[in-house]
Amino acid sequence: MLEVTALPLAELRERSSEKWREYPADVLPLFVAETDFPLAPAISSALRRAVDIGDTGYIASRTPLPETYADFALRRFGWRVDPSKMRTTADVSMGIVEILRRVTQPGERVVVTPPVYPPFFDLVSEAGAEVVRVPLVETGAQWELDLDGIRAAFEDGATALLLCNPHNPTGTVHTRDSLAALAEIAHEYGAAVISDEIHAPLAQPGTGFTPFLDTGEAAERVGYAVVSASKAFNLAGLKCALMVTASDRTSAVVRGLPIEVEWRTGQFGLLAAVAAFSEESDAWLDGLLRTLDANRLLLEDQLASKLPAARYRIPDAGYLAWIDLSGLGWGDNPARRILKEAKVALHFGPAFGEQGRGFVRLNFGTSPEIITEAIERIASLVDR
Ligand SMILES: Cc1ncc(COP(=O)(O)O)c(C=O)c1O
């Protein structure tokens, strides 16, 4: 069994990525979705070898990634996917924009389901479309898609939906039933569904993960999945994602994208993604999932004992916690005060849509010590 533990803080501070450069050294950075773990060994050795032999050119026109991803999807999700119906691009955001450009006309409306990963709003505009918001509904135990609201938006003319599965920031893995129902509704209205599945490898084994395209024929007809190793394996800077389809029609749409969309894939991203999705990295990913499971429970304990006014529902997937701090009376954007006075950087709740007022998003893809210290720092503000 492989144990995956975060690097020491001193080493992390040597990193030069966004997480470690945005704020001064007295701030604990738990905002952007980068993790504090070392690379999976298969990735390190693939990249080291590429550096040694200067394998730093363009990506080849045929690569092992589609086959490797198809094997990964079968092993991890029981999903049978055809490698000939995928193409690579630089990142998930680019895949989403390029597909949206093909499946919508300028000015058409695209449904997003806040609270949601803030760039979704911008990606829709970048593609020349307009955002329609159909918020998730909170059903006591879980967050769910508002299928009636989505139907009404399609009825009203929206032509696509941008799905986040698992959902960032709530960590919700949408159920097979709700995804199948969404696919049926989209099919009925001739709308496209683009499913961002970047957090899928991080679904906890107890919950499992249902790929949107694996929910039946309607989903295969209307759906596009955009996947990547970048969140689970912390490879965002290397630039590689896959656009996956499951029907001849949708596959033709992705095949019709300009070759430049594929050329922008990073060579290091590609090499790293092949190593990440290969069977050799399964034990590392399982180790990471165990660490994240412990962290999500530690966070619950810490909040319950030190910040009992916080409301937090343990996420099904990933390393992002969506925490309601409205009970503390720190205003619509509590992360602002927390940054200034507690020196902990969290993502601003309202950036995820108005449903995020009073919320913060905390990245627990780090060490138990940092999680504990962050909650202690935040809790120290309570009686100030
Ligand atoms: C749901 C979701 N989609 C996309 C991205 C960005 O992915 P990429 O860097 O591949 O564009 C993130 C990053 O955190 C994310 O959480």
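Here is a short report on the structure shown in this document. Keep in mind the model is a prediction, meaning the values are calculated, not measured. (Residues numbered from 1 in each chain as written. Predicted model: local features only at pLDDT ≥ 70, side-chain atom pairs only at ≥ 80, totals over all residues. Heavy atoms only, no water.)

Moving on: the overall build of the protein. The number of helices and strands found in the protein is 15 helices and 15 strands. Against the globule reference of 21 Å for 384 residues, the protein gives a C-alpha radius of gyration of 20 Å, in line with a compact fold. Within the span of the protein, comprising 384 residues, buried residues form 57% of the whole. Here the contacts in the protein between residues at least 6 apart in sequence split such that 73% fall between residues at least 24 apart. With an accessible surface of roughly 15,700 Å², the protein has 49% of that area assigned to carbon and sulfur atoms. Charge separation in the protein, taken as the distance between the mean sites of 37 positive and 52 negative side-chain charges, equals 3 Å. (Helix = DSSP H or I, 4+ residues; strand = E, 2+ residues; numbered from the N terminus. Rg over C-alpha atoms; globule rule 2.2 N^0.38 Å. Buried < 20%, exposed > 50% of the residue type's maximum accessible area, 1.4 Å probe, protein only. Contact = heavy atoms within 4.5 Å. Areas by Shrake-Rupley, 256 points an atom, 1.4 Å probe, with all protein chains shown as cover. Lys, Arg positive; Asp, Glu negative; His and termini not counted. Charge placed at Lys NZ, Arg CZ, Asp CG, Glu CD.)

A word on the sheet that holds strand β15 (residues 359-363). The strand order β11-β12-β15-β14 describes an open sheet built from 4 strands, whose pairing is antiparallel. Edge positions in the sheet fall to β11 (311-312) and β14 (347-348), since each of these pairs with one other strand and no more. In this structure, strand β12 (residues 320-324) lies alongside β15, joined through 5 bridges in antiparallel fashion. Its bridge partner lying in β15, I323 is registered against V360. Sheet strands in contact with helix α14 (residues 334-342) are β14 and β15, and its direction is about 55° off that of β15. (Pairing = 2+ DSSP bridges. Axes fitted to C-alpha atoms, helices over the stretch in contact; angles between N-to-C directions.)

Grouped together as the largest cluster of nonpolar side chains are 101 residues, with contacts concentrated most on Y69, F212, F233, V244, L299, I323 and I338. In this structure, F233 is in contact with L39, A40, I43, A276, S281, W284 and L285, ignoring residues within four places of it in sequence. Membership of the second largest hydrophobic core comes to 29 residues, among which are I96, V116, I198 and V261. (Core = buried A, V, L, I, M, F, W, Y, C linked by side-chain atoms within 4.5 Å.)

Attention now goes to the sheet that holds strand β10 (residues 241-244). Backbone-to-backbone hydrogen bonds pair the strands of a sheet. The strands run either parallel or antiparallel. Here 7 strands make up an open sheet; going across it, the order is β2-β10-β9-β8-β7-β3-β4 and the pairing mixed. In this open sheet, the two edge strands, each paired with only one partner strand, are β2 (86-89) and β4 (130-133). Adjacent strand axes in the sheet meet at a mean angle of 25° when their direction is disregarded. Bridge count for strand β3 (residues 109-112) against β4 is 4 bridges, and the pairing is parallel. Each bridged residue has a counterpart across the sheet, and for V111 the counterpart in β4 is V132.

Considering all chains together, one arrives at 13 aromatic pairs under this definition. Relative to W284, the ring of F233 has its centre 5.4 Å away and its plane inclined at 25°; by these criteria the two rings are stacked. Of this pair, F233 sits in the loop between β9 (223-227) and β10 while W284 sits in helix α13 (residues 282-306), placing them 51 residues apart in sequence. The pair formed by F233 and W284 is uniform in burial state, with each residue classed as buried. (Phe/Tyr/Trp six-rings, centres within 6.5 Å; stacked < 30°, edge-to-face > 60°.)

As a further point, take the pattern of salt bridges. If you walk through the whole model with that rule in mind, you get 22 salt bridges. Note that K85 is salt-bridged to D248, the shortest N-O span being 3.5 Å. In this pair, K85 is assigned in the loop between α4 (65-77) and β2 and D248 in helix α10 (residues 248-255), connecting sequence segments 163 residues apart. Its relative accessible area of 61% is what places D248 among the exposed residues. The closest approach of N and O atoms between R311 and D324, which form a salt bridge, is 2.9 Å. One end of the pair, R311, is in strand β11; the other, D324, is in strand β12, with 13 residues separating them in the sequence. Residue class for D324 comes out buried when judged on its relative accessible area of 8%. Here the salt bridges do not stand alone but share partners, grouping R75, R76, D282 and D286 into one network. (Salt bridge = Lys/Arg side-chain N within 4 Å of Asp/Glu carboxyl O.)

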